[in-house]
Each structure stands twice: as structure tokens, then as C-alpha cells.
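Coordinates in review
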Amino acid sequence: MTSAAPTRLVLVHGSRLSASQWAPQTSRLAGEDWLDLVVPDLPGHGDRADEPFTLDRAVGAVAAAVEAEPVAGAVVLAGHSLGGYVAATYAAAYPRRLDGLVLLGAAAVPRGAGAAAYRAVAVATERAGPDRMTRVNDRVLGRLYPPDLVEPVVAGGYWFGPTRAAWREVMARCGPHQLREVTCPVLVAGGRYDQLMRHANRYARAAPHGRVVRIPGAGHFAGFDRPDEVTALLLEFVRGVANGTLDGS
């Protein structure tokens, strides 16, 4: 049983994709009438492709989704990868505004060798150019996932331009420290083989009410690898928030 007022669930996509990244989850959540589902694009992506990406602009996009009227019930914010770091940055700025926070594949401290490797990938992506990278992404996703799962995702396009700038800001500003004052329950989740879950326990310990869940058989794109499991995990968390069984107390 859930609360009488609709619960808002805001889903924030990762880099290079758009709001359509969440198609495997939104299609499975379509029958949950108690959910007010909001799936925004970040600056530089999708419908906001003409806007330059900055972390502050991204937080503004999340704020517009979280705070859009009417907000009658609980509000849960979930973000994947870049979207997870944006979600944590929003929560750090407004630590008492959310009723629940989910970081999916966004729990690696963005420093050191791993960060250097990601910077190198971003530079290589720019040099390859959008046409070549589109072909590469289509080929990889087409090999890994069935068409009915991946086609609605790639229909939203790829957005490579903001990648380098976005991750530069993440590496400069983001980390477990952002969760120290967040009062709501925080779920740090990701695939068992996801390298961006390397410091999941540090993130969960930083939050006053944090916990870690690892998704068996999944990598960084857990929402594609295990769409049913990720959807069920989100539903379980959101229901707990809405029912008051996960109240952060």
C-alpha cells in the first residue's frame, strides 16, 4: 500500500544519452498510477541540446523537475552515472528537500587513475567525432541488447559534445562528502561488475541513512542488463519512502 498523494519519481540520465535512456524502466512503470514520473533531459542532451552543460545548469534542470507543481506527496530523485553525480550535487545543495535519493552506477570517487582514464576516453570521443561515435555506439548496443530494449533508448539520440566538460566538473566537485548532510534515505546501487561502484561503501557511509545494493550479473548499464531487477529495486525503494518505512529517522 502506498500513500494517497502521488509520489514523484525523477529519473536523471547519464552522459551521451538522453531521457530516453530510462525507456526500459518507464515502460515497466507505466501501470503504476500512484507514481508521478518525471524524466528530464540534462543541458547539452536531448531537448536541451542547445544549452551548454555546466553542473550548476544540470542541478537547475533537476530542481525544475523535482519542484514542478503540483508536489503533493513524497519526492524521490534517482540518477544514473553522470545523472547520479548531478543528483548528489542537487541533494548536497538542498539536503532536506528530498524524501529519497538513488545513485545508480555513480559511486566512484572521481579522482586518480580512473578519472585520468575517463578523461582520455572523453578526448578520444571528441577526436572521433559524433558520426563515428554514433556508429560505434549503435554497433555495441545492438550486439549487447535486444532491439525491443535498445531501440527506444537510441531513438533519443546520442549527445557527445558535453561529455568532456561534464566529467571535468564531476571530477572537480563531486564525491561522498556531498551526502553528509542529506537527511533522506539514500540508496547506492549498481551492477556487480560496475567500476563506478568502486567506492559504494564510502558513499553509503557518508550519508546519514545510506545503504548499498549490488545487482547480480550487471555492469555499468544495469538498467539495460537487468531492466526488471532495476525497476523492481526502484519500486521497492520508492514504496518504502511513500509508506514511511524508509523515513531517514
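None of these values were measured; they are calculated from a predicted model.

1. Section: helix α3 (residues 82–93)
For α3, which comprises 12 residues, the first-to-last C-alpha distance of 17 Å matches the rise-based estimate of 16 Å (1.5 Å per residue) to within 8%. Counting buried residues along α3, 10 of its 12 residues qualify, which places the element largely inside the surrounding structure.

2. Regarding the sheet that holds strand β2 (residues 35–38)
Sheet architecture is open: 6 strands sit in the order β2-β1-β3-β4-β5-β6, paired in parallel fashion. Edge positions in the sheet fall to β2 and β6 (210–215), since each has one partner strand and no second. Here the average twist between neighbouring strands, direction ignored, is 15°. By the bridge criterion, 5 bridges tie strand β1 (residues 7–12) to strand β3 (residues 75–80) in an arrangement that is parallel. Of the residues in β3, the one forming a bridge with Leu-9 is Val-76. Sheet strands in contact with helix α2 (residues 55–67) are β1, β2 and β3, and its direction is about 160° off that of β1. The strands that α3 touches are β1, β3 and β4 (100–104); relative to β3, the one it contacts most, it runs at about 140°.

3. A look at the packing of aromatic side chains
Tallying each qualifying case throughout the model produces 5 aromatic pairs. Ring centres of Tyr-85 and Trp-167 lie 5.7 Å apart, and the angle between their planes is 80°; on these two criteria the pair is classed as edge-to-face. Residue Tyr-85 is located in helix α3, and its partner Trp-167 is located in helix α7 (residues 163–173); the two are separated by 82 residues in the primary sequence. For the pair Tyr-85 and Trp-167, a shared accessibility class is recorded, and that class is buried. An angle of 25° between the planes, with centres 5.8 Å apart, marks the rings of Tyr-158 and Phe-160 as stacked. The two residues Tyr-158 and Phe-160 agree in class, both being buried. An aromatic cluster is defined as three or more aromatic residues linked by ring pairs; in this entry it consists of Tyr-145, Phe-221 and Phe-224.

4. Some remarks on the pairing of β3
Remember that side chains alternate between the two faces of the sheet whenever the strand is regular. Of all 6 residues making up β3, 6 are buried, and the element is well covered by its neighbours. Across the two faces of β3 the burial is the same, with Val-75, Leu-77 and Gly-79 and Val-76, Ala-78 and His-80 all buried. For β3 and β4, the ladder comprises 5 bridges, and the chain directions are parallel. If you follow Leu-77 over to β4, its bridge partner there is Leu-101. Between the parallel pair β3 and β4, the chain is carried across by α3, and the sense of this crossover is right-handed.

5. Comments concerning the side chain of Thr-89
Secondary-structure assignment places Thr-89 in helix α3. Among the residues examined, Thr-89 registers a relative accessible area of 7% and is labelled buried. For Thr-89, the residues in contact, after removing those within four places along its chain, are Leu-55, Val-59, Arg-173, Cys-174 and Gln-178.

6. What to know about the pattern of salt bridges
What the rule picks out here adds up to 7 salt bridges. For Asp-228, the salt bridge identified is with Arg-28, shortest N-O distance 2.6 Å. One end of the pair, Asp-228, is in helix α10 (residues 227–243); the other, Arg-28, is in helix α1 (residues 23–28), and 200 residues separate them in sequence. Residue classification places Asp-228 among the partly exposed residues on the basis of a relative accessible area of 49%.

7. As for a positive patch on the surface
Positive charge collects at one region of the surface, where Arg-132, Arg-135, Arg-139 and Arg-143 lie side by side. As for its placement among the helices and strands, Arg-132 is situated in helix α5 (residues 130–144).

8. Details of the packing of α3 against α7
The N-to-C vectors of α3 and α7 enclose an angle of 45°; their axes lie 11 Å apart at closest approach. By the angle between their axes, α3 is oblique relative to α7. The two elements α3 and α7 meet at a crossing, and its hand is left-handed. Along the contact surface, α3 presents Leu-82, Tyr-85 and Thr-89, while α7 presents Ala-166, Trp-167, Val-170 and Arg-173. Each residue belonging to the contact of α3 with α7 can be placed in one class, and the counts come to 5 nonpolar, 1 polar and 1 charged.

Criteria and thresholds
- Residue numbers restart at each chain and count upward from 1, following the sequence in its written direction.
- Residues qualify for local features only when their pLDDT is at least 70, as the model is predicted, and side-chain atom pairs are given and counted only at 80 or more; totals for whole chains, interfaces and linings, by contrast, use all residues.
- Hydrogens and waters are ignored; side-chain quantities use all the structure's heavy atoms.
- Numbering goes from the N terminus for both helices and strands, where a helix is a DSSP run of H or I of at least four residues and a strand is a run of E of at least two.
- Expected span, for any helix, means 1.5 Å times one less than how many residues it has.
- The cut-offs for exposure are 20% and 50% of the maximum accessible area for each residue type, with area from a 1.4 Å probe on protein chains only; residues under the lower value are buried, those over the upper are exposed, and the others partly exposed.
- Pairing between strands is defined by DSSP: at least two bridges between them are needed.
- Axes, fitted as lines to C-alpha atoms, cover a helix only where it is in contact. Angles between the N-to-C directions of the axes lie from 0 to 180 degrees.
- The contact definition used throughout considers only heavy atoms, calling two residues in contact when any of these lie within 4.5 Å.
- When two rings of Phe, Tyr or Trp (its six-membered ring) have centres within 6.5 Å they constitute a pair, described as stacked for plane angles under 30 degrees, edge-to-face for angles over 60, and tilted for the intermediate range.
- Crossover handedness is defined by viewing with both strands directed away from the observer: a clockwise path from the first strand over the helix to the second marks the crossover as right-handed.
- The salt bridge criterion pairs a side-chain nitrogen of Lys or Arg with a carboxyl oxygen of Asp or Glu, the two atoms within 4 Å.
- A residue counts toward a patch only above 30% relative accessible area and without a salt bridge, and it is joined to like-charged neighbours within 9 Å or, for Val, Leu, Ile, Met, Phe, Trp and Tyr, to nonpolar neighbours within 5 Å.
- The method behind every accessible area is Shrake-Rupley, applied with a 1.4 Å probe, and residues are considered shielded solely by the protein chains displayed.
- The charge count treats Lys and Arg as positive and Asp and Glu as negative. His and the chain ends do not count.
- Note on charges: their place is set at NZ of Lys, CZ of Arg, CG of Asp or CD of Glu.
- These descriptions rest on fixed angle ranges, namely under 35 degrees for roughly parallel, over 145 for roughly antiparallel, 65 to 115 for roughly perpendicular, and the rest for oblique.
- By definition, any crossing whose near helix is turned counterclockwise from its far helix by less than a right angle is left-handed, and any crossing with a clockwise turn is right-handed.
- Note that Gly is not counted as nonpolar here; it falls among the polar residues with everything else outside the nonpolar set of Ala, Val, Leu, Ile, Met, Phe, Trp, Tyr, Cys and Pro and the charged set of Asp, Glu, Lys and Arg.

By themselves, these figures tell us nothing about what the structure is for.
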